Amino acid sequence: MSSCLGLAIGLALLPFGAGAQQVWKCELNGQVRFSDKPCPGSGQPVAERSLQPNVVESLKPELIRATMGAASAASAPIATAGNACPGDGEIRGMEVRANSTTLGDAERQFLQDEVRRVRQCRAGQGRYREADWAISREAQAAQTQLSDRARYDARLRAEAMHSAADPDEGDRINRRRIAEEKMQRRQQQRLQRIQNPASAPAS
């Protein structure tokens, strides 16, 4: 199996032009090699028609380029339907940070939301660019800063980016903010009633 694989790779790397070129079968140190040049020792030319069809196809430059492109794409961030999304390794790191017990509730919730947004991106939701995720990464890193304002502002920047890239996520963010504002108003009203019972409406 390994010798066949080595043969196929060797053939795929030969420089082929637009037309067919002569292929030489060479025997060096007891091993068979193929070359586009005459063998230095003993060897014989091989007609293209005597090669296996899959071997001949593998020598086409456009297929070689396509294979190289597929190999490089395997390590790149996931991209679907115009989306640029973080890969598996980055998601694992985000999940670890999102479960850190050293973070406050708001910071932890934000990081968990970012994990969910990455998964939505990889499912084809929204239209993200790599520059968008740079904003997300900066906001994630800012959640460990000492300043409450710095953490909050960073979250706002990331949420504005998500709202622009993914309208569905933007709706979710707006609904959550409305719910938070209502809760804050109720808490303020409750605090006012405790501090000034005379101002409470009669039951």
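Residues numbered from 1 in each chain as written. Predicted model: local features only at pLDDT ≥ 70, side-chain atom pairs only at ≥ 80, totals over all residues. Heavy atoms only, no water.

Trainee: Explain the side chain of Glu-169 here, please?
Mentor: Inspection of the secondary structure puts Glu-169 in helix α8 (residues 167-195). A polar side-chain atom of Glu-169 sits 2.8 Å from a polar atom in the side chain of Arg-117. Discounting residues that sit within four places of it in the chain, Glu-169 has contacts with Arg-116, Arg-117, Gln-120, Gln-125 and His-162. (Helix = DSSP H or I, 4+ residues; strand = E, 2+ residues; numbered from the N terminus. Polar contact = N/O pair within 3.5 Å; in protein donor to acceptor, adjacent residues only side chain to side chain. Contact = heavy atoms within 4.5 Å.)

Trainee: Just checking my understanding: could you explain a positive patch on the surface for this structure?
Mentor: Together, Lys-182, Arg-185, Arg-186, Arg-190 and Arg-193 make up a region of like positive charge exposed at the surface. Accessibility expressed as a relative area gives 45% for Arg-186, which makes it partly exposed. (Patch = residues over 30% accessible without salt bridge, like charges linked within 9 Å, V, L, I, M, F, W, Y side chains within 5 Å. Areas by Shrake-Rupley, 256 points an atom, 1.4 Å probe, with all protein chains shown as cover. Salt bridge = Lys/Arg side-chain N within 4 Å of Asp/Glu carboxyl O. Lys, Arg positive; Asp, Glu negative; His and termini not counted. Charge placed at Lys NZ, Arg CZ, Asp CG, Glu CD. Buried < 20%, exposed > 50% of the residue type's maximum accessible area, 1.4 Å probe, protein only.)

Trainee: Help me understand the nonpolar core, please; the structure alone is not making it clear to me.
Mentor: As a rule of thumb, nonpolar side chains are buried together in soluble globular proteins. Among the nonpolar cores identified, the biggest contains 18 residues, and Phe-110, Leu-111, Val-118, Cys-121, Tyr-128, Trp-133 and Ala-139 are the most heavily contacted of them. Elements supplying a minimum of two residues to this core: α4 (88-98), α5 (105-122), α6 (130-142) and α7 (148-165). If one sorts the elements of this core by residue count, α5 sits on top with five residues. Leu-111 has contacts with Arg-97, Ala-98, Leu-103, Gln-140 and Gln-143, leaving out every residue within four places of it along the chain. (Core = buried A, V, L, I, M, F, W, Y, C linked by side-chain atoms within 4.5 Å.)

Trainee: Help me out: how do you make sense of the pattern of salt bridges in this one?
Mentor: Pairing of side chains with opposite charge becomes possible as their charged atoms draw close. The tally for this structure, following the rule as stated, stands at 18 salt bridges. Put simply, Glu-169 and Arg-117 hold a salt bridge, and the shortest N to O gap is 2.8 Å. Residue Glu-169 is located in helix α8, and its partner Arg-117 is located in helix α5; the two are separated by 52 residues in the primary sequence. Just as Glu-169 is buried, Arg-117 falls in that class too. Residues joined in a network through salt bridges with shared partners are Asp-113, Glu-114, Arg-116, Arg-117, Glu-169 and Arg-172.

Trainee: Is there a simple way to explain α6 in this structure?
Mentor: Since the α-helix advances by 3.6 residues per turn, residues separated by three or four positions end up pointing in the same direction. Taking 1.5 Å per residue as the helical rise, α6 with its 13 residues ought to reach 18 Å, and the 19 Å between its terminal C-alpha atoms agrees with that figure. Buried within α6 we find Asp-132, Trp-133, Ser-136, Ala-139, Gln-140 and Ala-142. Those residues of α6 hidden inside the fold are in contact with α4, α5 and α7. (Expected span 1.5 Å × (residues − 1).)

Trainee: Explain the confidence of the model for the protein chain here, please?
Mentor: The predicted structure's coordinates, where accompanied by low pLDDT, should not be read in detail. Of all residues in the protein chain, 64% attain a pLDDT of 70 or more, and the chain-wide mean is 77. Between residues 54-61, whose pLDDT stays under 50, and residues either more than four places distant or in other chains, the model counts twelve contacts. The model gives residues 70-75 a pLDDT under 50, and that stretch makes zero contacts with residues more than four places away or in other chains. (pLDDT = per-residue confidence, 0-100.)

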